[in-house]
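Per-entry structural report
Chain by chain, the residues run as shown.
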Amino acid sequence: MNKFIKIFMVMAFLGLTGATYAQKVTVTGVVTDSLNNPLEMANVVAINNETKGLDGFGITNEKGIYKMNVNENTKYNIKVSYLGYKTREIVLDTKTGDITKNFILLDEAESLDGVEITYEMPVSVKGDTIEYNADSFATGTEKKLEDILKNLPGVEVNDDGEIEVEGKAVGKVMVEGKDFFDGDSKLASKNIPANALDKIQVLKNYNEVGQLKGVTDNQDSYAINIKLKEGKKNFWFGEITAGVGNDERYIAHPKLFYYNPNYSINLITNFNNIGEVAFSRRDYFRFTGGFGGGGSSGSGTSFDVGSSDMGFLTVQNNRAKEINSKFGAANFSYSPKKTWDLSGFAIYSGNNTDMQQNTFRQYKSIADGTQPSPDESTESFTNQKSDLALVKFSSSYKPNADNHFDYDIFGRISSQKEVQDLFSTLTGNIDEVQKQDPYSINQNANYYYTLNAKNIFAVEAQYLIQEEDPFYNAALAQSDQFRLDEVLGMEQNQDGFDVVQDKLVKTNKLDAKIDYWYITGDKSNVKFTLGSLLSTQKFSSEIFQILDNGNKFTLDNAVSSVDNDVKYNFSDVYLAFEYRVKAGIFTFTPGVSVHNYTTKNAQLGSTVTDDFVRLLPNFTTRMQLKKSEDINFNYRMTTSFSDVNQFASSFVMNNYNSLFQGNRDLESALSHNLSLRYNNFNMFNFSNIRASVSYNKRVDQVRNISDFLNYANPDFPATSNEEFIQTSNRISSPFNSNFADETFSANGSFERTFGKIKGGLGATMNYSKFNQIVNNEQAVNESFTTSYRGSLGTRFLNAPNIEIGYNLSINNYEQPNGSSIKYFTHRPSVKLDASFLKSFIFNADYSYYNYKNEVESLNTYTFMDASLGYQKKDSQWEYILGVTNLFNTKSLNQDSDNTLFVSTSEYFIQPRYVTLKVRYNL
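The rules behind each value
- Residues numbered from 1 in each chain as written.
- Predicted model: local features only at pLDDT ≥ 70, side-chain atom pairs only at ≥ 80, totals over all residues.
- Heavy atoms only, no water.
- Helix = DSSP H or I, 4+ residues; strand = E, 2+ residues; numbered from the N terminus.
- Rg over C-alpha atoms; globule rule 2.2 N^0.38 Å.
- Buried < 20%, exposed > 50% of the residue type's maximum accessible area, 1.4 Å probe, protein only.
- Contact = heavy atoms within 4.5 Å.
- Areas by Shrake-Rupley, 256 points an atom, 1.4 Å probe, with all protein chains shown as cover.
- Lys, Arg positive; Asp, Glu negative; His and termini not counted.
- Charge placed at Lys NZ, Arg CZ, Asp CG, Glu CD.
- Pairing = 2+ DSSP bridges.
- Core = buried A, V, L, I, M, F, W, Y, C linked by side-chain atoms within 4.5 Å.
- Phe/Tyr/Trp six-rings, centres within 6.5 Å; stacked < 30°, edge-to-face > 60°.
- Lys NZ or Arg CZ within 6 Å of the ring centre and 35° of its normal.
- Salt bridge = Lys/Arg side-chain N within 4 Å of Asp/Glu carboxyl O.
- pLDDT = per-residue confidence, 0-100.
- Axes fitted to C-alpha atoms, helices over the stretch in contact; angles between N-to-C directions.
- Polar contact = N/O pair within 3.5 Å; in protein donor to acceptor, adjacent residues only side chain to side chain.

**Observations regarding the overall build of the protein chain**
The helix and strand tally for the protein chain stands at 7 helices and 52 strands. Taking 29 Å as the expected radius of gyration for a compact globule of 922 residues, we find that the protein chain reaches 31 Å, a close match to that expectation. Each of the 922 residues in the protein chain was classed as buried or not, and the buried ones make up 50%. Expressed as a percentage of contacts within the protein chain between residues at least 6 apart in sequence, the contacts between residues at least 24 apart total 66%. Working note: accessible area of the protein chain is about 40900 Å², and carbon and sulfur atoms make up 52% of it. Across the protein chain, the 89 positively charged side chains and the 109 negatively charged ones have centroids separated by 9 Å.

As structure tokens, this is what we get:
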């Protein structure tokens, strides 16, 4: 901790010294029109007459009040502007006291001809568009889009690079009105150069289909459009970065962009072995290609053809013991004519990762107070190779305002392999191999037609073809702790057990619907939907043993290898009704849908059918208190269905000590979902308040029955009271639980900018209660996790900038016998950005972790990355000396909870690297 305190004080001193550069005075007042009506969202800027720089600006609130901080004893040119009015301009001399200055904007003009605006307004508001001037929010150290976005009021960029505006995720990012890699916010924030940005437009109430904007609820839909500087249009721009480091480290990161009114091209590559994962497996599965929110997703039916893979280990925060990464992506858009747009992209990511992890699993006690398995410690060494590819082509045709046709085809293909050398204190040494080469092709066709001012139609259809082929192989030594051999009927006279699971799942799914809107008035409409969701899945699997002589031994257990082919059909035909009406500040949207569900699974020589009708209500209320302040309540009843992996009665080997057997008699589950959200973004004082609570209760939820296997103690007399030794081997099977599961979550945050200081506070709480049957005993599992965070940072133009933060997370896992396991993580942090001597930029990011339980600290570790860059003014060359993991931290910690055990892990990471990079800016 002493090391942290010293570094913290030095970095804090460097950053906060900028606060003393100039004393400030506050200028306040009211902006009105000629009738004394307050003008909300008027811009007031103060331009220093000597430096010609922007020293302060303010935006009026709903009462027309503005406030800004400027330097004392300085002469300013004050400009006041509002859309549709001529700009008002005065000269203001500040002294040492605060100033009150009111403005009346006269002469409302139909055009602004003859009005010369000599300075770009930092923020302007035009309807649902907020436009930020990028240069007004630059501090001089920004390199990427995300660096600028973090300085914008109301805009946040999370640790994954995903963009949020006023607390809501940005669904699409465009450059000059053209989709940037299908609108992905992470690729945009991490790669678009900051020096290319002119304006950043936040588009609220965004809907790609203009015809639907007035009849659908788009309040939570946000997009961002990037306007480029004039020198970046019709020219190639970007940067080429190359670097080397100790221990044969390297990085090559070219990225090029070209934009003109008719077409655009984006090329991004990244090859390195310093731990920069440009596109992870998590990003790969998150990248939906725009297919995530359409079809029946809002009808009340939840049916996802989930991944049937074995569950590869996940890299922690882009950190592992060794990471070699290859990434390449290309995106294009082309407009053959004004009414027709073509676009597409191709993305490739290849990663070779080494991971080392030590884990302790504490199995939860069941109702009678006994543990179903002894606690287990494992040590694992894992090599993971993955080649991931995404390809998409899109066409959008809009011949006129009444017709709109879209077509998309999106494909994903991958080759993934994981080899793991694991030691368990219960089972001994295990060698595991997992691999799969899945693919999917998704097509989407939409047509929107406006008959007249009162009648609008939409036809949407999605068709998915998917194939998954997970393969699993585990080689174990002979051990009394391994009991699955008897269940599977394996050959016993072997040096060890070498077992293989081979599985294939094929899916065809059609999701189609027809929507009809009838406009009943200026503030109301009704919507009718006729839709269907049809799916066919085929499942086959085989478990076999490889003998010592290399021969394949077919297991003869009836549920492991005989008649294990399954065909599963799912059908949902539904009719939905929704009424939307605005009444003052309220918008009410009640709705109901009626569904005819049919499921059939054919296996083991017979077919099980489930056919029923269900009514599902939903209700949404929005209270719009102000333009940027609202309260939202949502209720929805949902019916959830399992896919073929849950129905297949054959055994599937999940890992070295667990078998899963499906249940062909599974039924649907019903859930009640409620949420309440409050949002308040105030551009007058740049404050952002967010709060939300959500509750979910699941009835007949599909849960697992888990039976742990044991064996007789050979040293105990064979009597009716024979003692049995527990193992971690278990068999799990799904069932419809009679016990309701519940989750509750709440989070809130407050952010405020005070002049050049930005502060924030936040808290998150999650509670879950779920039921499980373990060894024929009901096990009620509860977890309660909370996190608290606070930060304080500066935004100086001519001084070092610092951000000080503190995070505390508490994970409390309640066991069925009433005991609990609790872990704490304390994480203070400091970030420093400094520009000095006109050509140097220094960046540092420091975090200190104290991971502990209720008794003692389990691990303390620090992370610090730092870089020093040199670039002469107007030079295209830049030189960067960087250090990753400065204190050479060896490992980090994490904990997790599931229905059977609580685990805590030590995860080993890359050592310290020093790299020298050269960057050429086009």
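**A word on the pairing of strand S2 (residues 43-48)**
Of all 6 residues in S2, 6 are buried; the element is thus mostly enclosed. Across the two faces of S2 the burial is the same, with Asn43, Val45 and Ile47 and Val44, Ala46 and Asn48 all buried. Here S2 pairs with strand S3 (residues 54-59) via 5 bridges, running antiparallel. If you follow Ile47 over to S3, its bridge partner there is Leu54. Where S2 folds back onto S3 in an antiparallel hairpin, the turn is made up of 5 residues, including Lys52, whose phi is positive at roughly 65°. Two elements, S2 and strand S5 (residues 75-81), share 6 bridges in a ladder whose sense is antiparallel.

**Quick notes on unusual backbone geometry**
Although it is not a glycine, Asn73 adopts a positive phi angle of roughly 55°. Within the secondary structure layout, Asn73 lies in the loop between strand S4 (65-71) and S5. Classification of Asn73 by relative accessible area gives exposed; the value is 53%.

**Re the nonpolar core**
Membership of the largest hydrophobic core comes to 54 residues, with the highest contact counts inside it found for Tyr132, Leu149, Phe180, Ile200, Ile224, Ile347 and Met683. The element best represented in this core is strand S16 (residues 222-228), accounting for 4 residues. Sequence-distant contacts of Ile347, defined by excluding residues within four places in its chain, comprise Phe181, Leu187, Phe279, Phe287, Phe327, Gly328, Ala329, Leu388, Ala389 and Leu390. Core analysis: the next-biggest nonpolar cluster, separate from the first, contains 22 residues, Val305, Leu616, Val644 and Ala648 among them.

**Re the packing of aromatic side chains**
Per the stated rule, a full pass over the model turns up 38 aromatic pairs. Relative to Tyr258, the ring of Trp236 lies with its centre 5.4 Å away and its plane at 45°, an arrangement referred to as tilted. Here Trp236 is found in strand S17 (residues 236-245), whereas its partner Tyr258 is found in strand S18 (residues 249-259), with 22 residues between them in sequence. Residue Trp236 is classed as partly exposed on the basis of its relative accessible area, which comes to 42%. Residue classification places Tyr258 among the buried positions, given a relative accessible area of 13%. Taking the centre distance of 5.1 Å and the plane angle of 80° together, the rings of Tyr284 and Phe285 count as edge-to-face. Judged by its relative accessible area of 2%, Tyr284 is buried. Under the relative-accessibility criterion, Phe285 is labelled partly exposed at 42%. Aromatic rings pair up to connect Phe279, Phe287, Phe327, Phe345 and Phe410 into one cluster. The cationic tip of Arg319 hangs over the ring face of Phe863; the distance from NZ or CZ to the ring centre is 3.8 Å.

**Thoughts on the pattern of salt bridges**
By the definition in use, this model includes 34 salt bridges. A salt bridge links Glu146 to Lys190; the nearest nitrogen and oxygen atoms lie 3.4 Å apart. With a gap of 44 residues between them, Glu146 in helix H2 (residues 145-149) and Lys190 in helix H3 (residues 185-191) connect regions that are remote in the sequence. Residue Glu146 is classed as buried on the basis of its relative accessible area, which comes to 6%. Take Lys190: its relative accessible area is 29%, and that puts it in the partly exposed class.

**Remarks on the confidence of the model for the protein chain**
In the predicted model, the protein chain carries a mean pLDDT of 87, and the fraction of residues at 70 or more is 92%. Taken together, the stretch residues 15-21 has pLDDT below 50 and engages in 11 contacts with residues farther than four places along the chain or on a different chain. Residue range residues 110-118 is modelled with pLDDT below 50. Its contacts to residues more than four positions away, or to other chains, number 6 contacts.

**Details of the environment of Pro374**
Summarising the element assignment, Pro374 is placed in the loop between strand S22 (340-363) and strand S23 (376-400). Considered as a pair, Pro374 and Tyr363 are 11 residues apart in the sequence and their alpha carbons are 6.9 Å apart. If we ignore the near neighbours within four places in the chain, the residues touching Pro374 are Tyr363, Leu426, Gln726 and Thr727.

**Description of the sheet that holds S3**
The 4 strands are arranged S3-S2-S5-S6 in an open sheet whose pairing can be described as antiparallel. A strand with exactly one partner marks an edge of an open sheet, and here the two such strands are S3 and strand S6 (88-93). Within this sheet the neighbouring strands show an average axis-to-axis angle of 20°, counted without direction.

**Regarding the environment of Ser692**
Along the polypeptide, Ser692 turns up in strand S39 (residues 687-699). For the pair Ser692 and Leu616, spaced 76 residues apart in sequence, the C-alpha separation works out to 24 Å. Those residues in contact with Ser692 that lie beyond four places of it in its chain are Leu676, Arg677, Ser745, Ala746 and Asn747.

**Some thoughts on the pairing of strand S45 (residues 801-814)**
Here strand S44 (residues 777-794) pairs with S45 via 12 bridges, running antiparallel. In the sheet register, Ser783 faces S45, and the bridge partner there is Tyr813. Bridging between S45 and strand S46 (residues 820-836) involves 14 bridges; their strand directions are antiparallel. If you follow Leu808 over to S46, its bridge partner there is His826.

**Brief notes about the side chain of Gln701**
Residue placement: Gln701 occurs in the loop between S39 and strand S40 (702-712). With relative accessibility at 18%, the residue Gln701 sits in the buried group. If we ignore the near neighbours within four places in the chain, the residues touching Gln701 are Ala669, Phe735, Asn736, Ser737 and Asp741.

**Overview of the side chain of Asp408**
Of note, Asp408 is situated in strand S24 (residues 403-424). Only 2.6 Å separates the side chain of Asp408 from the side chain of Ser394, close enough to count as a polar contact.

**Some remarks on the environment of Ser687**
Here Ser687 is to be found in strand S39. Look at Ser687 and you get buried, because its relative accessible area is 7%. Those residues in contact with Ser687 that lie beyond four places of it in its chain are Asn680, Phe681, Asn682, Phe750, Glu751 and Arg752.

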